[in-house]
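Summary of structural features
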Amino acid sequence: MGNQLLHTPEGVRDIYSDECERKSILEKKINTILKSFGYHLIQTPTFEFFDIFGKEIGTTPSKDLYKFFDREGNTLVLRPDITPSIARCASKYYMEDELPIRFCYTGNTFINNSSYQGLLKESTQSGAEYIGDASVEADAEMIALTVQLLLGAGLKEFQVSVGHVDFLNGLFEAASLGEETENQIRDLLLNRNFYGVEDIIAHAGLNENLTWLFGLLKDVMLTKVKLQEARTRAQDYPKIDGALQRLEQLEDLLRIYKVEQYVFYEMAMVSGLHYYTGIIFSGYTFGSGEAVVRGGRYDHLLRHFGKDAPAIGFAVTIEKLMNALQRQNIRIPLENRTKWFVYTPERHTDAIRDAIVLRREGENVEMMPITETNTEETYRRYAEQFHVQDVILYL
């Protein structure tokens, strides 16, 4: 029992010392960039009613939720995703507002992943939500903001893969493959098994244009030239053509933002969140097996809470971003502005008085008493280890 008290449950971990400091610095840096685009801080509860994340919403499956009960018997869950909480909040407090709303946040999310997946069950997300604007200009702002966040974090080599929900949905609608085959193709795409998809389509008896359009699913870096050819072949399929047109318009705007070199178009993108309705995107870099950022448009989500408003958003998983930075040897610089006042009992009063003055001036002062075991030499040794700014002696 004694040993168990020292350990955390599977899937969660302690963050302390330099790692905790660097995480805090990264979160503040991200928050500064979000604010520079005009996004306003919001905080929502760590747990909500079960229905906020229910099947109808299209968020995390029920089996992956941490569920418990309040005194009245209501089913509550630890939030697996912050976007539905913000949708609820916006619907409650901004029901009649017609102007677009921009929110940003940092908070922990909880997903009860299977142990064999090796994923953290608790993670920190920083993100942004742009509510009330259905335009491609809003899409471009979100993706440009995503690129700026990754650059601001220190990454130099990364890509943001962009897709559109209606492309795959339009293919299924035009091909009439049946629900079972469609689900099979979705599973194959999630596992990046493009050859499996190609084999199914080869035996589906589709026309040349539709077969060609299905072939785009295996292209993970779609060029603008190919997008234009795709539109020519998609003229008879309005949903597919609409998705491709949106991506063309997006490309033009991203060139204005000067971030087009980081963006690639991937028509096979499939999200585990079913509330996405249009543009979807993910950010990838070396040193992280999964996307460090995910986002997309969710124009129907707020309707569940009574407000009919389009929206788009994204979330950066801080732990995944930190792992990528570490594996790429990109250091988050630490600046410890703390001063240590090392004092003997006789000089305790003097140390306190000086500390009060410095703290009023915005300085950080940590009091350290000299004892038989903690000598002046001990403090100097640890001060170097903890990157303390200065050691001031009161002997």
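Residues numbered from 1 in each chain as written. Predicted model: local features only at pLDDT ≥ 70, side-chain atom pairs only at ≥ 80, totals over all residues. Heavy atoms only, no water.

Brief notes about the overall build of the protein chain
Secondary structure summary: the protein chain contains twelve helices and 14 strands in total. Its C-alpha atoms give the protein chain principal-axis dimensions of about 90 × 55 × 45 Å. Out of the 395 residues in the protein chain, the part that is buried amounts to 47%. For the protein chain, long-range pairs separated by at least 24 residues make up 69% of all intrachain contacts whose partners lie at least 6 apart in sequence. Of the roughly 21,100 Å² of accessible surface on the protein chain, 49% is carried by carbon and sulfur atoms. Placing the 42 positive and 57 negative side-chain charges of the protein chain at their respective mean positions leaves the two points 3 Å apart. (Helix = DSSP H or I, 4+ residues; strand = E, 2+ residues; numbered from the N terminus. Buried < 20%, exposed > 50% of the residue type's maximum accessible area, 1.4 Å probe, protein only. Contact = heavy atoms within 4.5 Å. Areas by Shrake-Rupley, 256 points an atom, 1.4 Å probe, with all protein chains shown as cover. Lys, Arg positive; Asp, Glu negative; His and termini not counted. Charge placed at Lys NZ, Arg CZ, Asp CG, Glu CD.)

As for the pairing of strand β6 (residues 122–131)
For β6, a buried count of nine out of ten residues is recorded, marking the element as mostly surrounded by other parts of the structure. Looking at chain direction, strand β5 (residues 101–110) and β6 are connected through ten bridges and run antiparallel. Looking across to β6, one finds that G107 is bridged to Q125. (Pairing = 2+ DSSP bridges.)

Structural notes on the side chain of E141
With respect to the secondary-structure elements, E141 resides in helix α3 (residues 136–153). A distance of 2.7 Å separates the side chain of E141 from the side chain of Y39, its partner in a polar contact. In this structure, E141 is in contact with F37, Y39, R102, Y130 and Y257, ignoring residues within four places of it in sequence. (Polar contact = N/O pair within 3.5 Å; in protein donor to acceptor, adjacent residues only side chain to side chain.)

Overview of helix α6 (residues 194–202)
Within α6 the residues assigned to the buried category are F194, G196, V197, I200 and I201. One face of α6 carries all of its buried residues, which in axial projection span an arc of 160 degrees. Within α6, the exposed residues directed more than 90 degrees away from the buried face are Y195 and A202. For α6, the secondary structure elements touched by its buried residues are α5 (179–190) and α7 (208–215). (Arc of directions from axis to C-beta.)

What to know about the packing of helix α1 (residues 17–36) against helix α10 (residues 318–327)
The geometry of α1 relative to α10 is characterised by a closest axis approach of 11 Å and an angle of 110 degrees between their N-to-C directions. Taken together, the axes of α1 and α10 are roughly perpendicular relative to one another. The segment α1 lies against α10, with E19, R22, K23, L26, E27 and I30 engaging I318, E319, L321, M322 and L325. (Axes fitted to C-alpha atoms, helices over the stretch in contact; angles between N-to-C directions. Parallel < 35°, antiparallel > 145°, perpendicular 65-115°, else oblique.)

A short note on the packing of α5 against α6
Their axes nearest at 8 Å, the elements α5 and α6 cross at an angle of 155 degrees. On the basis of the axis angle, α5 is roughly antiparallel to α6. For the element pair α5 and α6, the recorded crossing hand is left-handed. Taking contact as the criterion, the partners of T181, Q184, I185, L188 and L189 in α5 are, on α6, F194, G196, V197, I200 and I201. The class makeup of the residues in the contact of α5 with α6 is seven nonpolar, three polar and no charged. (Left-handed = near helix turned anticlockwise from the far one by under 90°. Nonpolar A, V, L, I, M, F, W, Y, C, P; charged D, E, K, R; others polar.)

Concerning the packing of aromatic side chains
Per the stated rule, a full pass over the model turns up ten aromatic pairs. Here F341 and Y394 contribute two aromatic rings whose centre-to-centre distance is 5.1 Å and whose plane-to-plane angle is 45 degrees, an arrangement assigned as tilted. Taken together, the positions of F341 in strand β12 (residues 338–343) and Y394 in strand β14 (residues 390–394) put the pair 53 residues apart, joining distant regions of the chain. This pair shows no difference in class: F341 is buried, exactly as Y394 is. Three or more aromatic residues joined by ring pairs form one cluster here, namely Y275, Y276 and Y298. In this structure, R102 packs its charged tip against the face of Y39, placed 5.7 Å from the ring centre. One residue, R102, lies across the ring of Y130, its end atom 4.1 Å from the ring centre. (Phe/Tyr/Trp six-rings, centres within 6.5 Å; stacked < 30°, edge-to-face > 60°. Lys NZ or Arg CZ within 6 Å of the ring centre and 35° of its normal.)

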